[in-house]
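# Coordinates in review
Single-letter residue listing:
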Amino acid sequence: MRKVKNSRKQLRLSESEEIQLLDQWIEAQKPDSGTNPLAIPPPPPDAPVGMKQDGGFTPFAGCKLFRQLPISRKTKEGLKPKYKEMSEIQRASLPHSLCGRDILGAAKTGSGKTLAFIIPVVEKLYRARWGPEDGVGSIIISPTKELAGQLFEELKIIGKNHTLSAGLLIGGRKDVDAEKDSVSSLNILICTPGRLLQHMNETANFECSQLQVLVLDEADRMLDKKFKGELDAIISQLPKRRQTLLFSATQTKSVKDLARLSLKDPEYISVHAESTTATPEQLKQVAMEVALDQKLNMLWSFIKSHLRSKMIVFLSTCKQVKFVYEAFRKLRPGIPLKCLHGNMKQNTRMAVYLDFCETTSVLFSTDVASRGLDFPSVDWVIQVDCPEDVAAYIHRVGRTARFTSAGNSLLFLAPSEKAMLTKLHAAEPKIPIILRKVKMEKIEQISGALASVLVKYPDMQQLAIRAFITYVRSINHQKDKDIFDVSRLPLEEYSASLGLHITPKISSKSQKMMNRKELVDERKIKNKAVDEDEDAILFSIKQMPNGNNSDARAEDEDDILRPLNSFMERGPSELAVLPPIISKKKKLKIIVDRPARTKVKYDEDGNPIVASSFAIESPDTCLEPEKVMERYKKMVLEVKQRDKEDKLLQRQRLREKRTKKKNKLKSSRDDDESDDDDLSESEREVGPKNKKIRFESDEEEDERKMKKVKGLDADAISLAEQEALALKLLSSMH
Ligand SMILES: Nc1ncnc2c1ncn2[C@@H]1O[C@H](COP(=O)(O)OP(=O)(O)OP(=O)(O)O)[C@@H](O)[C@H]1O
């Protein structure tokens, strides 16, 4: 009864009375700095909350329920429908952050860090009775637009009963001028760094001198060199006296980084530091050694065998995402496909993001979707391209197995990337990833189909070239050369796996960036038959005598990788294993796309500088014509064989159908003979004609069905077309 009375009394409290009470409560029960609220036994769920009869207050450090915290009634009501019990990071950080302390918080992906900073932001401004005239009271910075949008949605839920105003400021939106009028009167800004800086620099009267709380979500990312310039410029315009909250699943420990933010005695909260794993416990993680040129085959086969799963596929560049998405779309795997990358228009990006939240589909993405995004019910995260480092791996796989749900992740590692597995195994806390063997017999080979797509759709050829070039560049830009080493990649095989019949040339500008000196020296030592025309050389491959190569491989292989040996030894045609072994006869140049009379070159973006490559090729233009010929011959044979089987099957089915029809016709003719007099002359003529037409369309339908059975849509490229296209390619080389 007293409890009911108390709660009624609290309801009647005016805003200022409530704020006074909350301030007193926090002051009276604030935990000591450096203490871990998780170590304090929680009070029972029905224990009194707030002011006690004796005028004291109940402790809140250690409590488990949101309603036991010293937070406003309005926030509690916002939380109530969805959130009751706090997650560990919320329990550990909120008692400190509500006292106004700086926080450096780390907790696994999907563990609820968003509420751990949104609640203190709202509460701080509420308790300060912040209004429109006070201007910007809090800034929350996120590395991506989608994540900023997601944070904004969460803020709307938690703050729906408050009178605070908030705005989403993200780059790419056209209405920057419209924002300028209102941005100074907004209380909470959720933004990407670029757009915030744009307002700081361009919007008259925009100032943040009264800022109370600064939040950096994905703090380690925000502090890394990609955002350094922008972030430093932003920080320089913010008051030093403020509360700063930094959260991420992988936290920075660099004193230098933190010094940039002038933190004051921050609370270091790492709730899962003692955990045995760095990733969610309910996440099953598998790695597979997949040769670079088999990655797309593997991906296709995986998608085809998981048509009911929602999955995110990570690739390293926008162009790769675009190419794989467009190419797979044309091959129609039987599940909706989507793509997300930084080069897309903002509206499209948001639409894709929202759509993927709702539907079971496959999302091809760059790392733009790797951090923070809370897509519901993702079953699989597939990393086709190796993540940059362990932190990137943790964030990518964190898109599944969120909060308490289960999830799976699969990492494809090219033989040259296997050092990544060692790094993942050495991570502290651990990343429980297991290596599984690839069952090659289950992998569908799609490079032939991709080659056909490239011929049928000329735009796709350009896309493939760009995908290739940007991939190679991305590898070259990576810092960790134990894992990312262009010279160890089987580039010819990789480009062929994208459906390209010649390996694109990387401009000499890019080439220079690839430590040319080292490569040239290497060539001189290893092979006297080096082509002196520097421009014609794409990459030099570090060549070792064959014996040394295999020795190096044997040395490198650890126990975990040994089960893959049999798979790797299946033969060079099935898998290109690393490092590529180049025969002595072969010149050390991967591309020699220089015809006798014409010159085919590709610019930085992969555009051919001279006319289309198919039109002007001569034997000289091709890199190792024998090899390319061999590949296409094989392809044509395969296609022919498949076509033959198809035709046989189709003929047999048609024969059966015809017999059935004949029998049917026979019996109906018997019946019709008596009814024939009822038909007019014209009707009698139409009859057999119609029959014929129907018969033809039946055949077409059969063909369509056949294609469906084979997993190809009626509109997809037919086998006959594939053959024709392959032949066209072949003949263009003669
Ligand atoms: N206390 C809670 N009770 C129930 N669900 C919660 C709670 N806190 C957060 N969630 C839900 O858990 C999911 C993950 O939360 P959130 O996005 O904040 O995770 P995160 O730690 O920020 O992840 P990431 O490191 O990937 O950014 C969200 O769907 C959120 O609604």
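Residue numbers here run from 1 along each chain, matching the order of that chain's written sequence. The model is predicted, so local features are restricted to residues of pLDDT at least 70 and side-chain atom pairs to those at 80 or more, both for listing and for counting; the totals for chains, interfaces and linings are taken over all residues. Side-chain figures throughout are based on the complete set of non-hydrogen atoms in the structure, without hydrogens or water.

## Section: the UniProt feature "domain: Helicase C-terminal" (unreviewed entry) in the chain
We count it as follows: UniProt positions are given in the numbering used here, feature names are shortened, and annotations may be inferred rather than shown by experiment. A run of DSSP states H or I qualifies as a helix once it reaches four residues; a run of E qualifies as a strand once it reaches two. Both are numbered from the N-terminal end.
Following the UniProt record, one finds the feature "domain: Helicase C-terminal" (unreviewed entry) at residues 291-444. In residues 291-444, the share of helix is 34% and the share of strand is 18%. The end C-alpha atoms are 14 Å apart.

## Here we look at the nonpolar core
Here is the rule: In these notes, a set of buried Ala, Val, Leu, Ile, Met, Phe, Trp, Tyr and Cys residues joined through side-chain atoms within 4.5 Å is what counts as a nonpolar core. Residue exposure (1.4 Å probe, protein chains only): buried if accessible area is under 20% of the type maximum, exposed if over 50%, otherwise partly exposed. Contacts are assigned to residue pairs that have any heavy atoms within 4.5 Å of one another.
Of all hydrophobic cores here, the largest spans 136 residues; its most connected members are Leu299, Phe323, Phe328, Phe364, Phe375 and Ile382. Leave out the neighbours within four places in its chain, and Phe328 touches Leu296, Leu299, Trp300, Ile303, Pro333, Leu337, Phe364 and Ile446. In this structure, Phe206, Met222, Leu258 and Leu261 belong to the second largest nonpolar core, which totals 29 residues.

## Some points on the sheet that holds strand β14 (residues 433-436)
Selection rule: We call two strands paired when DSSP finds no fewer than two bridges between them. Between N-to-C directions, angles cover 0 to 180 degrees, with each direction set by a line fitted to C-alpha atoms, over the stretch in contact for helices.
One open sheet accounts for seven strands, arranged β10-β11-β9-β12-β13-β8-β14; its pairing is parallel. Strand pairing shows two members of the sheet lacking a second neighbour, β10 (337-340) and β14, which therefore form its edges. Geometrically, the sheet is characterised by an average inter-axis angle of 20 degrees between neighbouring strands, direction not taken into account. Here strand β8 (residues 283-289) runs beside strand β13 (residues 407-413); their pairing, made up of seven bridges, is parallel. The partner of Ala287 across the bridge, within β13, is Leu411. Across the face of the sheet, helix α16 (residues 419-426) comes into contact with β8, β13 and β14 while running at roughly 150 degrees to β14.

## A short note on the packing of aromatic side chains
Counted only if it meets this: A pair of Phe, Tyr and Trp rings is counted when the ring centres sit within 6.5 Å of each other, with Trp represented by its six-membered ring. The angle between the planes then sorts it: under 30 degrees is stacked, over 60 is edge-to-face, the rest tilted. For a ring to carry a charge above it, either NZ of a lysine or CZ of an arginine must fall within 6 Å of the ring centroid while also lying within 35 degrees of the normal to the ring plane.
Overall, the coordinates contain ten aromatic pairs when judged by the stated rule. Ring geometry for Trp25 against Phe57: centres 6.4 Å apart, planes inclined by 15 degrees, an arrangement best described as stacked. Of this pair, Trp25 sits in helix α2 (residues 15-29) while Phe57 sits in the loop between α2 and α3 (73-79), placing them 32 residues apart in sequence. When the ring of Phe302 is compared with that of Trp380, the centres are 4.9 Å apart and the planes differ by 80 degrees; the resulting orientation is edge-to-face. In this pair, Phe302 sits in helix α12 (residues 295-304) while Trp380 sits in strand β12 (residues 380-383), placing the two residues 78 residues apart along the sequence. Residue classification places Trp380 among the buried residues on the basis of a relative accessible area of 16%. Pairwise contacts between aromatic rings join Trp25, Phe57 and Phe60 into one cluster. A cation sits over an aromatic face here: Lys310 above Phe356, 5.0 Å from the ring centre. Between the NZ or CZ atom of Lys330 and the centre of the ring of Tyr457, over which it lies, the distance is 4.7 Å.

## Some points on helix α17 (residues 447-456)
Among the ten residues in α17, nine count as buried, and that is most of the element. For α17, the complete set of buried residues consists of Ser447, Gly448, Ala449, Leu450, Ala451, Ser452, Val453, Leu454 and Val455.

## Digging into the packing of helix α13 (residues 318-331) against α17
Axes are the key here: two packed helices are described by the angle between their axes and the distance separating the axes. The following threshold applies: Orientation is classified from the angle alone, with under 35 degrees giving roughly parallel, over 145 giving roughly antiparallel, 65 to 115 giving roughly perpendicular, and any other angle giving oblique. Each residue gets one of three labels, nonpolar for Ala, Val, Leu, Ile, Met, Phe, Trp, Tyr, Cys and Pro, charged for Asp, Glu, Lys and Arg, and polar for the others, Gly among them.
It is the contact of α13 with α17, at a shortest axis distance of 10 Å, that shows an interaxial angle of 100 degrees. It follows that α13 is roughly perpendicular to α17 by the angle criterion. Facing Phe323, Ala327, Lys330 and Leu331 of α13, the residues of α17 in contact are Ala449, Leu450, Val453 and Leu454. Among the residues forming the contact of α13 with α17, the class breakdown is seven nonpolar, no polar and one charged.

## Some remarks on the site of the ligand
Our working rule: What makes a residue near a molecule or strand is one non-hydrogen atom of that residue sitting within 4 Å of it. Counting of polar contacts relies on pairs of N or O atoms within 3.5 Å, with two restrictions inside protein: one atom must be capable of donating a hydrogen and the other of accepting it, and residues adjacent in sequence are counted only when both atoms are side-chain atoms. Here the open area of atoms and residues is found with the Shrake-Rupley method and a 1.4 Å probe, where only the protein chains shown may cover a residue. Note that the domain bounds were set by an automatic or database domain assignment.
Taken together, 22 residues form the shell around the ligand, and within it Tyr83, Gly110, Lys113, Thr114 and Asp374 come nearest. Within the side chain of Tyr83, a nitrogen or oxygen atom sits 2.8 Å from an oxygen atom of the ligand. Thr114 has a polar side-chain atom sitting 2.6 Å from an oxygen atom of the ligand. Protein contact buries 88% of the 630 Å² of open area that the ligand shows by itself. Of the residues forming the shell around the ligand, the biggest block, three residues, is contributed by helix α5 (residues 113-127). Across the shell around the ligand, the residue classes tally to six nonpolar, eight polar and eight charged. When residues of the shell around the ligand are sorted by domain, at least three fall in each of domain 1 (74-270) and domain 2 (283-456).

## Some thoughts on the environment of Leu214
Within the secondary structure, Leu214 sits in strand β5 (residues 213-217). On the basis of relative accessible area, Leu214 is assigned to the buried category, the value being 0%. Separated by 30 residues in sequence, Leu214 and Thr244 place their C-alpha atoms 4.8 Å apart. With residues up to four places along the chain from it excluded, the contact list for Leu214 reads Ile139, Ile141, Ile235, Leu238, Arg242, Gln243, Thr244 and Leu245.

## Points about the environment of Met344
Within the element layout of this structure, Met344 appears in the loop between β10 and α14 (346-358). Owing to a relative accessible area of 14%, Met344 belongs among the buried residues under this scheme. C-alpha of Met344 to C-alpha of Cys318: the two residues are 26 residues apart in sequence and 9.0 Å apart in space. Not counting residues within four places of it along the chain, the set of residues in contact with Met344 comprises Cys339, Arg349 and Val352.

## Some remarks on the sheet that holds strand β7 (residues 267-270)
Spatially, β3-β4-β2-β5-β6-β1-β7 is the arrangement adopted by the seven strands of the open sheet, whose pairing is parallel. Two strands bound the open sheet, and with one partner strand each, they are β3 (166-169) and β7. Averaged over neighbouring strand pairs, the angle between their axes works out to 10 degrees when direction is ignored. As paired strands, strand β1 (residues 103-106) and strand β6 (residues 243-248) are joined by four bridges and run parallel to one another. Residue pairing in the sheet places Ala106 in a bridge with Ser248 of β6. Across the sheet, helix α6 (residues 145-158) is in contact with β2 (138-141), β3, β4 (188-191) and β5; its angle to β3 comes to roughly 170 degrees.

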